[in-house]
Amino acid sequence: MRDTYANAQPMSAPWWSRALFYQVYPRSFYDSNGDGLGDLDGVTAKLDYLKALGVDAIWLNPVMVSPMADHGYDVADPRDVDPMFGGIEALDRLTDAAHAAGIKVTMDLVPNHTSSAHPWFQAALAAGPGSEERDRYIFRDGTGPGGVRPPNNWVSIFGGPAWTRVVEADGSPGQWYLHLFDAAQPDLNWDNPEVFDDLEKTLRFWLKRGIDGFRIDVAHGMAKPPGLPDMEVIKGEVLLADMDDDPRFNNDGVHDIHRQIRRVFNDYPDAVAIGEVWVYDNEQFARYVRPDELHLGFNFRLLRAKFDADDIRGAIANSMEAAELVDATPTWTLANHDVDREPTRYGDGAVGLARARAMMMAMLALPGAVFVYNGEELGLPNVELPDEALRDPVWERSGRTRRGRDAARVPVPWQGDGPPFGFSDNPDTWLPLPADWAALTVEKQINDPASMLSFYRTAIELRRDRSEFDGKSIEWLDSPSDTLAFRRSGGLVCVLNAGTRTIPLPVGEVLLASAELIDGKLPPDTAAWLV
Ligand code: NOJ
């Protein structure tokens, strides 16, 4: 049976080629058991909401067993679900119910590193220098007298050094291990074949269990530059979004790893591999989505664009070009758990929200797969959290100089007039919800035709049902300065006004606009769809 699958080509376009993925940050979505943390039964409980929103697939941030030093991106057992999220039975319940509702379930996979609590790392600590156990990670002797200095000058993405020194079994100061992220996330040595063998086990474990695919964390990482040379540390800190010029990422060897991963996926032809690829050069990006590598790669250009017509147009044109280079499916996203939320990024308050609505229309007008981050459909902004509430490891590792990503991870407000707005029965939620979110709850928005939620639902429905949203290409149309306009090959026209003056719209029937038109014209910070 497997062999027939292996060479099977999908007859029609695969499900993910125009899917709307909804990213659930599980600890912030819905708490079903009153411990103040969201969980998987909480996601199951809200499937009707997701169905009504029109999502095709869920992407779950990591739910595997983890000490949660980086909220699940530090995996101690990749083939089980953390009890905090309800254990593996809760995932089975979610998958069954989601499939019954016609929704796919994809999970996060973390191949670049493990938790320091992973049995492999514990064995590596116990076994000592030169052992097979240490060879699964990146252990090196230090430099300088007595090895007191780290092996090279690399800094962690989260702040501080990227190396931590261990104490050997006899109590003496020992070797150093590499961790590009938190010290509790040791990097794996991808030159060791055991590392892929174990990942293959993990992939098959979940795919056989009915998982529909994976979002692959740091998919441009894994392969390290030979010899681990010093790097130019420009700012003393690096951000996930700045990885483009970072010599530790996007090394050639990573493509062999993706080919190995793809061979496993080929046994499950309906499953999708989606890489987190912080690479901006079009040709470099395209290499990740060649036919024998990932099915999809997150292109972060649109997310990085300012609310500026040239910037947005450039982001769209480059993302399209990168995909076209290898006939891949383009992907679009405006937000995730690592970046500031759109209304905050685009200018805050009413203006920020208006621009977020307009950007969402531009995104949904484009061919390919889109990714919506939970709460985006409610227009949630960042939350200014007090120091003592911060939970992101970035805060401590940066010596409390960078606040980290918690502001964009605050739980979803469902109902009621005060925190925690129905997210949990427990007032003590893992991050506090702000009192001024009373007007942003699902309950308040769901029956208000003018709300962000109603607008999102309408837009998603149009994208799904109207034939004008067909077609793989777009054509740029002339438009006044500070605006952009494109026509999808299926016929949809999208116009976005990022300027300061109201502009006339092209001839056609207006399907949807992100704000009221003024005498039939498009005001600033607004987008419209026409057919
Ligand atoms: C990218 C993830 O999106 C982020 O949340 C995480 O901290 C790092 N990878 C490390 O796994």
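The structure presented is a predicted model; accordingly, all values stated were derived computationally and were not measured.

*Asks:* Could you give an account of the overall build of the protein chain, naming the residues involved and the relevant values?
*Replies:* What the protein chain contains, in helices and strands, is 15 helices and 18 strands. Contacts in the protein chain between residues far apart in sequence, at least 24 positions, make up 66% of those at least 6 positions apart. For the protein chain, the separation between the mean place of its 51 positive charges and that of its 82 negative charges on side chains is 2 Å.

*Asks:* Summarise the site of the ligand; cite the residues concerned and give the values.
*Replies:* Residues in contact with the ligand amount to 14 residues; listed here are only the nearest, Asp 70, Asp 217, His 337, Asp 338 and Arg 405. Between an oxygen atom of the ligand and a side-chain N or O atom of Asp 217, the distance comes to 2.7 Å. Compared with its free state, where it exposes 300 Å², the ligand has 100% of that area covered by protein.

*Asks:* Describe unusual backbone geometry, and please don't skip the residues or the numbers.
*Replies:* With omega at 5°, the peptide bond leading from Pro 419 into Pro 420 counts as cis. With a phi angle near 60°, Arg 400 is a residue other than glycine that sits in the positive phi range. Structurally, the position occupied by Arg 400 is in the loop between helix H13 (393-397) and helix H14 (442-446). With relative accessibility at 48%, the residue Arg 400 sits in the partly exposed group. Backbone geometry at Phe 421 places phi at a positive 50°, although glycine is not the residue there. Take Phe 421: it is sitting in the loop between H13 and H14.

*Asks:* Residue-level account of helix H12 (residues 349-365), with values.
*Replies:* The end-to-end C-alpha separation of H12 is 25 Å, in line with the 24 Å expected for 17 residues at 1.5 Å each. For H12, the complete set of buried residues consists of Gly 352, Ala 356, Arg 357, Ala 358, Met 359, Met 360, Met 361, Ala 362, Met 363, Leu 364 and Ala 365.

*Asks:* Can you tell me about the sheet that holds strand S15 (residues 483-488), naming the residues and giving the values?
*Replies:* The strand order S14-S15-S16-S18-S17 describes an open sheet built from five strands, whose pairing is antiparallel. With one partner strand each, in any of the chains shown, strand S14 (474-476) and strand S17 (510-513) form the two edges of the open sheet. Going from strand to strand, the sheet's axes swing by 20° on average, the running direction of each strand aside. Of the strands in this sheet, S15, strand S16 (493-497), S17 and strand S18 (526-530) are in contact with H12, which crosses S18 at around 35°.

*Asks:* How would you summarise the packing of aromatic side chains if you had to cite specific residues and measurements?
*Replies:* For the coordinates displayed, the defined rule picks out 21 aromatic pairs. With a centroid separation of 6.1 Å and an interplanar angle of 75°, the aromatic rings of Tyr 30 and Trp 414 are classed as edge-to-face. Highlighted residues: Tyr 30 in the loop between strand S1 (20-24) and helix H2 (40-45) and Trp 414 in the loop between H13 and H14, separated in sequence by 384 residues. The buried category is assigned to Trp 414, whose relative accessible area is 4%. Between Trp 278 and Phe 300 the ring centres are 3.7 Å apart and the planes differ by 15°, which places this aromatic pair in the stacked class. You can see Trp 278 sitting in the loop between strand S10 (272-276) and helix H8 (282-287) and its partner Phe 300 sitting in the loop between strand S11 (296-298) and helix H9 (301-304), a full 22 residues away along the chain. Judged by relative accessible area, Phe 300 falls into the buried class, the value being 2%. Among the aromatic residues, those joined into a cluster by ring pairs are Trp 15, Phe 21, Trp 59, Trp 278, Phe 298, Phe 300 and Phe 371. For the cation-ring pair, Arg 134 lies above Phe 139, with the distance from its terminal atom to the ring centre recorded as 4.6 Å. Residue placement shows Arg 403 over the ring face of Trp 395; its charged tip is 5.1 Å from the ring centre.

*Asks:* Can you explain the sheet that holds strand S9 (residues 213-216)? Please cite residues and give values.
*Replies:* The strands making up a sheet associate through backbone hydrogen bonding, with each pair oriented either parallel or antiparallel. On the basis of which strands lie adjacent, the open sheet formed by eight strands has the order S11-S10-S9-S5-S2-S1-S13-S12 and parallel pairing. This sheet does not close on itself; its edge strands, each paired only once, are S11 and strand S12 (331-333). Mean inter-strand twist for the sheet, computed between neighbouring axes without regard to direction, equals 25°. Docked against the sheet, H12 engages S1, S12 and strand S13 (369-373), running at close to 150° with respect to S13.

*Asks:* An account of the pairing of strand S8 (residues 173-178) is needed here, citing residue identities and associated values.
*Replies:* Within S8, five of the six residues are buried, which leaves the element mostly enclosed by the surrounding structure. Both strand S6 (residues 139-140) and S8 contribute to a ladder of two bridges, which runs antiparallel. From the neighbouring strand, Phe 139 faces S8, where its bridge partner is Tyr 177. By the bridge criterion, four bridges tie strand S7 (residues 163-167) to S8 in an arrangement that is antiparallel. Residue pairing in the sheet places Thr 164 in a bridge with Tyr 177 of S8.

*Asks:* Mind laying out helix H7 (residues 254-265), listing which residues take part and the relevant values?
*Replies:* Its twelve residues give H7 an end-to-end C-alpha distance of 17 Å, which sits within 8% of 16 Å, the value for a rise of 1.5 Å per residue. Within the span of H7, buried status applies to Val 254, His 255, Ile 257, His 258, Ile 261, Arg 262, Val 264 and Phe 265. Each buried residue of H7 lies within a common arc of 165° when the element is viewed along its axis, so the set occupies one face. Contacts from the buried residues of H7 go to helix H6 (193-208), S9, S10 and H8.

*Asks:* Tell me about the nonpolar core, and name the residues and values.
*Replies:* Within the largest apolar cluster, 150 residues are counted, with the highest numbers of intra-cluster contacts made by Phe 21, Phe 214, Leu 496 and Trp 529. Top contributing element to this core by residue count: H12, with nine residues. Discounting residues that sit within four places of it in the chain, Leu 496 has contacts with Phe 307, Ile 312, Ala 358, Met 359, Ala 362, Thr 483, Leu 484, Leu 522, Thr 526 and Ala 527. Judged by nonpolar contacts, the second largest core, of 15 residues, contains Trp 176, Leu 180, Leu 228 and Val 394.

*Asks:* Could you give an account of the packing of H12 against helix H15 (residues 452-465), naming the residues involved and the relevant values?
*Replies:* Between H12 and H15, whose axes approach to 10 Å, the crossing angle comes to 10°. Viewed along their axes, H12 and H15 adopt a mutual orientation that is roughly parallel. Contacts from Leu 353, Ala 356, Arg 357, Met 360, Met 361, Met 363 and Leu 364 of H12 reach H15 at Met 452, Phe 455, Tyr 456, Ala 459, Ile 460 and Arg 463.

*Asks:* Can you explain the environment of Gln 122? Please cite residues and give values.
*Replies:* Looking at the element boundaries, Gln 122 is found in helix H5 (residues 119-127). The residues contacting Gln 122, other than those within four sequence positions of it, are Ser 116 and Ala 117.

*Asks:* Got a sec to walk through the environment of Pro 247? Specific residues and values, please.
*Replies:* Inspection of the secondary structure assignment puts Pro 247 in the loop between S9 and H7. Ignoring any residue separated from it by four or fewer positions in sequence, one finds Pro 247 in contact with Pro 225 and Met 231.

Procedures and definitions
- Every chain begins its residue count from 1, and numbering advances along the sequence as written.
- For a predicted model such as this one, the threshold for reporting local features is a pLDDT of at least 70, and the threshold for listing and counting side-chain atom pairs is 80 or more; totals across whole chains, interfaces and linings nevertheless cover every residue.
- Excluding hydrogens and water, the side-chain values take into account all heavy atoms of the structure.
- Segments assigned H or I by DSSP are reported as helices when at least four residues long, segments assigned E as strands when at least two residues long, and all are numbered from the N terminus.
- We call two residues in contact whenever any of their non-hydrogen atoms come within 4.5 Å of each other.
- His is not counted, nor are the chain ends, whereas Lys and Arg count as positive and Asp and Glu as negative.
- The atoms used to mark charge sites are NZ of Lys, CZ of Arg, CG of Asp and CD of Glu.
- Throughout this document, a residue counts as near a molecule or strand when at least one of its heavy atoms sits within 4 Å of that molecule or strand.
- Counting of polar contacts relies on pairs of N or O atoms within 3.5 Å, with two restrictions inside protein: one atom must be capable of donating a hydrogen and the other of accepting it, and residues adjacent in sequence are counted only when both atoms are side-chain atoms.
- Per-residue and other accessible areas follow the Shrake-Rupley method at a 1.4 Å probe size, with only the shown protein chains counted as cover for residues.
- Buried, partly exposed and exposed residues are distinguished by accessible area as a fraction of the type maximum, computed with a 1.4 Å probe on protein chains only: under 20%, between the cut-offs, and over 50%, respectively.
- Helices are assigned an expected span. That span is 1.5 Å times one less than the residue count.
- Pairing between strands requires that DSSP locate at least two bridges from one strand to the other.
- An axis is simply a line fitted to the C-alpha atoms; with a helix, the fit covers only the stretch in contact. Between two such axes, the angle follows the N-to-C directions and lies from 0 to 180 degrees.
- Classification of ring pairs rests on two measures: the distance between centres of Phe, Tyr or Trp rings, Trp counted by its six-membered ring, which must be within 6.5 Å, and the angle between planes, read as stacked under 30 degrees, edge-to-face over 60 and tilted in between.
- A ring is scored as having a charge over it whenever the NZ atom of a lysine or the CZ atom of an arginine sits within 6 Å of its centre and within 35 degrees of its normal.
- Here, the arc refers to the directions that run from the helix axis to the C-beta atoms.
- Side-chain atoms within 4.5 Å are what join buried Ala, Val, Leu, Ile, Met, Phe, Trp, Tyr and Cys residues into a set we call a nonpolar core.
- Under this scheme an angle from 65 to 115 degrees is roughly perpendicular, one under 35 degrees roughly parallel, and one over 145 degrees roughly antiparallel; angles in between are oblique.

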